[in-house]
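Residues per chain, in single letters:
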Amino acid sequence: MIAPNLADAAGLTSEQHTVTTRAAQAIAQYAAECEAAQDVTADAAEALRRSGYTRLTLPSAEGGLGASLTQFAAAQATLGEAGAGLALVLAMHGHIVGAAFQGRTLPAELLGALADASQNGKLLNALASEPELGSPSRGGLPRTAATPDGNGWDGQTESMLGGWRISGRKTWATGARALDFALVNAATPGGQVGRFWIDLKAAGVTIEPTWTGALALRSSGSHDVVFSGAAAQLHAPPSGGHPASAAWFWTAIAATYLGVGFAALHALIAYARQRTPTALGAPIATLPRVQEHVGRMAADLHAAHALLHTATQQWDAHPDGTSVPLIGAAKAYATNAAVSATDLAVRTAGGAALTPALPLERLLRDARAGLTHPPSDEASYTAYGLSLLEPTAS
C-alpha cells in the first residue's frame, strides 16, 4: 500500500478497526452487485447492518464506539476506497449520529431513537433536499408538510400532544431502500421547519427509482422518497446551525471521496506493474511518464489526507465554530484531489480504463460527485480565507 495507514494514523481502537474492516469487506463484496442493480440490494444492506459500523460514532456512554472526528475520517476513507456508493450510505448514518450527540442538536427522545437504532444496526439518513427546493443549504421552506395528527396544535409553541402526518417528496436519499429510519425536514402549520423521525418501512412511504442511469454513485441507490401521510411521533426544531453539523458532514464527504482517489491510485499502480506491451517488452511502470503521473497523484492525495487530518484534529481539540472553516477547505481540497487523481489515472491507463476490466471508469464517475456536495469550492475557500483575514481578539 502506497497510501498511509489512515486507521493507524488516527489511532482507531481495536473495536473501531474491526467494524471498519467488516464494513469495507461488505462494501467490496457487494459493490459490483449494487452497481449493476443501480441500487442497494437487500443482501448488501444487511451486510452493512451486520458490520457493526452503525455504532462507530455513537458515544461509548450510549453503547457505541465513541469515534472522534479524526477517527471517523480515517474509517470513512477506508470505506470510500472499497466503494463510494455504499460507503456514503454509512457516511450519512455516521455523521448524523456523531454531530447530534456532540452538538446535542436533538431533544432527548430523538437522541434515544438514534442510539437505539445505532446499537441495533439500523441504517438512517437525514432527508432534506427536494425537487423545487434543491439543497437546503441555500435556504427555503420545504414543500414537504407536517400535519398535526392528535390532540391539538399550539401555534405559539409549535408543539402538540399527538403525532404527525408527513406528506411530500425528498430527493437524493442516499441508500433509500436500505434505510430503516430518516430524519425528515418538513414545514409545520406555523411556517417553521421541523425534523421528524419516520420509520421508512412503515405505511405511507414509497421509494421511487429516480437514480437509475445516474452518472455517478449508482450503487448508492439515491432515489426519491415519497411520503403520503406517513406517521411521525418524534419531532425536533431545526438544528440552528450548530458547528458540529457542518464539521461531521463535511468530514464524511471529504474522507469518502479521498478514499476514491486512493482507489484510483492503487488500481493504476497494479495495472502499470502488470501491463507489458510487446513493443516495450517491459511493464509500463518502467516508463518515466507513468512514473510521473503516479507521483503526482500520490503527492496530491497525501497532501489532501494531511490537510484533512490536521483539520479534524483541530476540531477534536477545539470543537467550535473556529475549527469549521479549515474542515470546509479540506473538503474542497480532498474532493478536487479525487477528481484529479481519477482523471489522471484514466489518461495514464489509456483505452483499457474505459472498459469494465479496470475500475477506473467507475472511479472517475464517482469522484465527480464529490464536487456536488456542499459546501462549494468557492464557499469553502472564501470562508477559510475570511477566518484568516479577520482580526483576532486581543
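What comes next is a walk through the structure. All values reported here derive from a predicted model rather than from experimental measurement.

Quick look at the packing of helix α8 (residues 288–317) against helix α9 (residues 324–349)
Point 1. With their axes 9 Å apart at the nearest point, α8 and α9 run at an angle of 165° to one another. Between α8 and α9, the angle is such that the two are roughly antiparallel. When the axes of α8 and α9 are compared, the crossing they make is left-handed.
Point 2. Looking at the contact of α8 with α9 residue by residue, the classes come out as 21 nonpolar, five polar and four charged.

Structural notes on the pattern of salt bridges
Point 1. Summed over the entire model, instances satisfying the criterion amount to 14 salt bridges.
Point 2. Taking the shortest distance from any N to any O, the salt bridge between Glu35 and Arg365 comes out at 3.1 Å. Linking Glu35 in helix α2 (residues 14–37) with Arg365 in helix α10 (residues 360–369), this pair joins segments that are 330 residues apart in sequence.
Point 3. With a relative accessible area of 16%, Glu35 lands in the buried category.
Point 4. Residue classification places Arg365 among the buried positions, given a relative accessible area of 11%.
Point 5. A salt bridge links Arg347 to Asp343; its shortest N-O distance comes to 2.7 Å. Residue Arg347 and its partner Asp343 are both found in helix α9; the two are separated by four residues, about one turn of the helix.
Point 6. On the accessibility criterion, Arg347 (56% relative accessible area) is exposed.

Describing the packing of aromatic side chains
Point 1. Counted by the stated rule, this structure contains three aromatic pairs.
Point 2. Judged by centre distance (5.0 Å) and plane angle (65°), the ring pair of Trp164 and Phe196 falls under edge-to-face. One end of the pair, Trp164, is in strand β5 (residues 163–170); the other, Phe196, is in strand β7 (residues 193–199), and 32 residues separate them in sequence.
Point 3. In this structure Trp164 comes out as buried when scored by relative accessible area, which is 3%.
Point 4. Look at Phe196 and you get buried, because its relative accessible area is 0%.
Point 5. A ring pair is formed by Phe181 and Trp197, whose centres lie 4.9 Å apart and whose planes are at 15°; its orientation type is stacked. Taken together, the positions of Phe181 in strand β6 (residues 181–187) and Trp197 in strand β7 put the pair 16 residues apart, joining distant regions of the chain. Both residues of the pair, Phe181 and Trp197, belong to the buried class.

Cut-off values and rules
Residues numbered from 1 in each chain as written. Predicted model: local features only at pLDDT ≥ 70, side-chain atom pairs only at ≥ 80, totals over all residues. Heavy atoms only, no water. Axes fitted to C-alpha atoms, helices over the stretch in contact; angles between N-to-C directions. Helix = DSSP H or I, 4+ residues; strand = E, 2+ residues; numbered from the N terminus. Parallel < 35°, antiparallel > 145°, perpendicular 65-115°, else oblique. Left-handed = near helix turned anticlockwise from the far one by under 90°. Nonpolar A, V, L, I, M, F, W, Y, C, P; charged D, E, K, R; others polar. Salt bridge = Lys/Arg side-chain N within 4 Å of Asp/Glu carboxyl O. Buried < 20%, exposed > 50% of the residue type's maximum accessible area, 1.4 Å probe, protein only. Phe/Tyr/Trp six-rings, centres within 6.5 Å; stacked < 30°, edge-to-face > 60°.

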